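Analysis of the macromolecular model
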Amino acid sequence: MIQPSKDQEKIWDHFQNEGIDSFSRSQGRLEFLVRHLSPTGRVLNIGVGNGILESLALKKGIDIWSLDPGERAIDRLRQKLGVGERAQIGYSQSMPFTDEYFDTVIMSEVLEHLDDAALKTTLDEVHRVLRPGGLFIGTVPARENLAESGVVCPECGLQFHRWGHKRSFNIEQLSDVLSTRFVNKEISERFFIDWDAVGWWRKLQGLLKKFLSWRDVGTYGTCRNIFFLAHKR
């Protein structure tokens with residue numbers, strides 16, 4: 001099984017526990033994804049964040065399952081939502097589920113954390129656990145400039161991306177990656193913001209950014225994502 005580096009795991013563990021407020025802007029994006037889910041199917045979410053997607057899915061009556069390598073994040077999800085063994089500790093590269101077990105698999109802001117080997121193995125695993133014709137949906141940051149988020153550890157000098165991103169995607173690159181295992185139905189850039197959670201000044205900034213995104217100008221990576229929807233071959 002291909003596992004991420006210990007440094008990568010430390011970054012994930014920090015943001016899903018001590019830095020959990022970093023997910024506060026994800027509500028709009030996750031609400032959008034949940035609208036694509038059917039209440040009649042079994043759904044797997046890979047990468048739990050702060051559990052917003054699971055909470056939204058349960059309110060819709062969806063049979064939601066979760067997978068994440070963070071033991072503390074999974075324990076918190078079990079305690080908060082009472083999902084029991086439907087929340088599992090594990091890696092996307094080696095999922096603890098049987099073949100063709102899920103109708104839908106979600107990976108939102110996860111694929112950009114994987115190197116080439118882990119990405120290939122993860123897509124193989126998503127394909128394995130999906131039923132024939134099953135849905136694979138999610139998001140990645142749009143055209144992110146990885147260098148702009150580079151930081152260095154003052155103790156050891158290690159240089160790394162502040163959120164642990166390993167790769168950047170544009171629409172063409174993501175389409176090529178997914179088409180090796182799936183039939184792409186939609187791959188498009190979207191602008192997400194949690195309008196209910198911000199004040200009037202942030203709303204104004206959000207409207208300006210949304211307008212600039214329509215005109216294809218402005219910065220990328222913050223609230224601007226590539227949404228993908230594909231089916232298992």
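Source: prediction; values computed, not measured.

**Let's talk about the sheet that holds strand 3 (residues 87-89)**
With mixed pairing, 7 strands are arranged side by side in an open sheet as 3-2-1-4-5-9-8. Two strands in the sheet have a free side with no partner beyond their single neighbour: strand 3 and strand 8 (182-191). On average, each strand axis in the sheet is tilted by 15 degrees relative to the strand beside it, whichever way the strands run. Both strand 8 and strand 9 (residues 224-232) contribute to a ladder of 9 bridges, which runs antiparallel. Bridge pairing links Phe 182 to Lys 232 in strand 9.

**Quick notes on the nonpolar core**
One finds Leu 44, Val 105, Leu 111, Val 126, Phe 136 and Leu 174 to be the most contacted residues of the largest nonpolar core, which totals 30 residues. For this core, the secondary structure elements donating two or more residues are strand 1 (42-46), strand 2 (63-68), strand 4 (102-108), helix 5 (116-129), strand 5 (130-141), helix 6 (171-178), strand 8 and strand 9. Looking at which element gives the most residues to this core, the answer is helix 5, with 5 residues. The contacts of Leu 174, once residues within four sequence positions are left out, are Leu 111, Val 140, Phe 169, Ile 187, Ile 226 and Phe 228. Leu 53, Ile 64, Phe 227 and Leu 229 belong to the second largest nonpolar core, which has 18 residues in total.

**Here we look at the pairing of strand 4**
Each regular strand shows side chains that alternate between the opposite faces of the sheet. Counted residue by residue, strand 4 has 6 buried out of 7 residues, so it is predominantly covered. As judged from the 3 bridges shared by strand 1 and strand 4, these two strands associate in the parallel manner. Along strand 4, the bridge assignment pairs Val 43 with Thr 104. Bridge count for strand 4 against strand 5 is 6 bridges, and the pairing is parallel. Across the sheet, Met 107 pairs through a bridge with Gly 138, a residue of strand 5.

**Focus on the packing of helix 2 (residues 27-34) against helix 3 (residues 52-59)**
Axis separation between helix 2 and helix 3 bottoms out at 9 Å; the angle between their running directions is 40 degrees. The angle between helix 2 and helix 3 places the two elements in the oblique class. The interaxial crossing formed by helix 2 with helix 3 has right-handed handedness. Packed against helix 2, whose contacting residues are Gln 27, Leu 30, Glu 31, Leu 33 and Val 34, the element helix 3 presents Ile 52, Leu 53, Leu 56 and Ala 57 at the interface.

**A look at unusual backbone geometry**
A positive phi angle, near 60 degrees, is found at Glu 109, a position not held by glycine. With respect to the helices and strands, the residue Glu 109 is situated in the loop between strand 4 and helix 5. Phi at Arg 143 takes a positive value of approximately 50 degrees, unusual for a residue other than glycine. Tracing the backbone shows Arg 143 in the loop between strand 5 and strand 6 (150-152).

**Details of helix 3**
For helix 3, the set of buried residues is Ile 52, Leu 53, Glu 54, Leu 56 and Ala 57. On the buried face of helix 3, the contacting elements are helix 2, strand 1, strand 2, helix 4 (71-81) and strand 4.

**Looking at the pattern of salt bridges**
Applying the stated criterion across every chain, the model contains 13 salt bridges. Between Asp 63 and Arg 42 there is a salt bridge whose closest N-O contact spans 3.8 Å. With Asp 63 in strand 2 and Arg 42 in strand 1, this pair connects stretches of sequence that are 21 residues apart. Among the charged side chains, a network of salt bridges with common partners joins Arg 42, Asp 63 and Arg 86.

**Things to note about the packing of aromatic side chains**
Applying the stated rule across the entire model yields 9 aromatic pairs. With a centroid separation of 6.1 Å and an interplanar angle of 85 degrees, the aromatic rings of Trp 65 and Phe 97 are classed as edge-to-face. Here Phe 97 lies in the loop between strand 3 and strand 4 and Trp 65 lies in strand 2, a separation of 32 residues in the sequence. Take Phe 97: its relative accessible area is 9%, and that puts it in the buried class.

**Here we look at the side chain of Arg 167**
By the element assignment, Arg 167 lies in the loop between strand 7 (159-161) and helix 6. Looking at Arg 167, the relative accessible area reads 18%, which means it is buried. Separated by 2.9 Å, the side chains of Arg 167 and Asp 116 make a polar contact. Ignoring anything within four residues of it in the chain, the contact list for Arg 167 reads Leu 111, Glu 112, Leu 114, Asp 115, Asp 116, Leu 119 and Leu 146.

The rules behind these values
Numbers given to residues run from 1 along each chain, matching the order in which its sequence is written. Given that the model is predicted, a residue must reach a pLDDT of at least 70 before its local features are reported, and side-chain atom pairs must reach 80 or more before they are shown or counted; all residues, however, enter totals for whole chains, interfaces and linings. As a convention, hydrogens and water are excluded, and side-chain values are obtained from all of the structure's heavy atoms. Pairing between strands is defined by DSSP: at least two bridges between them are needed. Helix numbers and strand numbers start at the N terminus; a helix is a DSSP run of H or I with at least 4 residues, a strand a run of E with at least 2. Axis lines are fitted through C-alpha atoms, for helices just across the contact stretch, and the angle between N-to-C directions can take any value from 0 to 180 degrees. Each nonpolar core is a collection of buried residues, namely Ala, Val, Leu, Ile, Met, Phe, Trp, Tyr and Cys, held together in the definition by side-chain atoms within 4.5 Å. The buried label applies to any residue whose accessible area, calculated with a 1.4 Å probe on protein chains only, is under 20% of its type's maximum; exposed applies above 50%, and partly exposed to all values in between. Here a residue-residue contact requires only that any non-hydrogen atoms of the pair lie within 4.5 Å. By the definition adopted for this analysis, an angle is roughly parallel if under 35 degrees, roughly antiparallel if over 145, roughly perpendicular if from 65 to 115, and oblique otherwise. In this scheme, a crossing is called left-handed if the near helix is turned counterclockwise away from the far one by less than a right angle; it is called right-handed if the turn is clockwise. A pair is scored as a salt bridge if a Lys or Arg side-chain nitrogen falls within 4 Å of a carboxyl oxygen belonging to Asp or Glu. Planes of paired rings set the category: under 30 degrees apart is stacked, over 60 is edge-to-face and the rest tilted, where pairs are Phe, Tyr or Trp rings (Trp by its six-membered ring) whose centres lie within 6.5 Å. N or O atoms within 3.5 Å of each other form a polar contact, as long as, within protein, one can give a hydrogen and the other can take it, and as long as residues adjacent in sequence are counted only when both atoms are side-chain atoms.

Any link to function would need more than the numbers given here.
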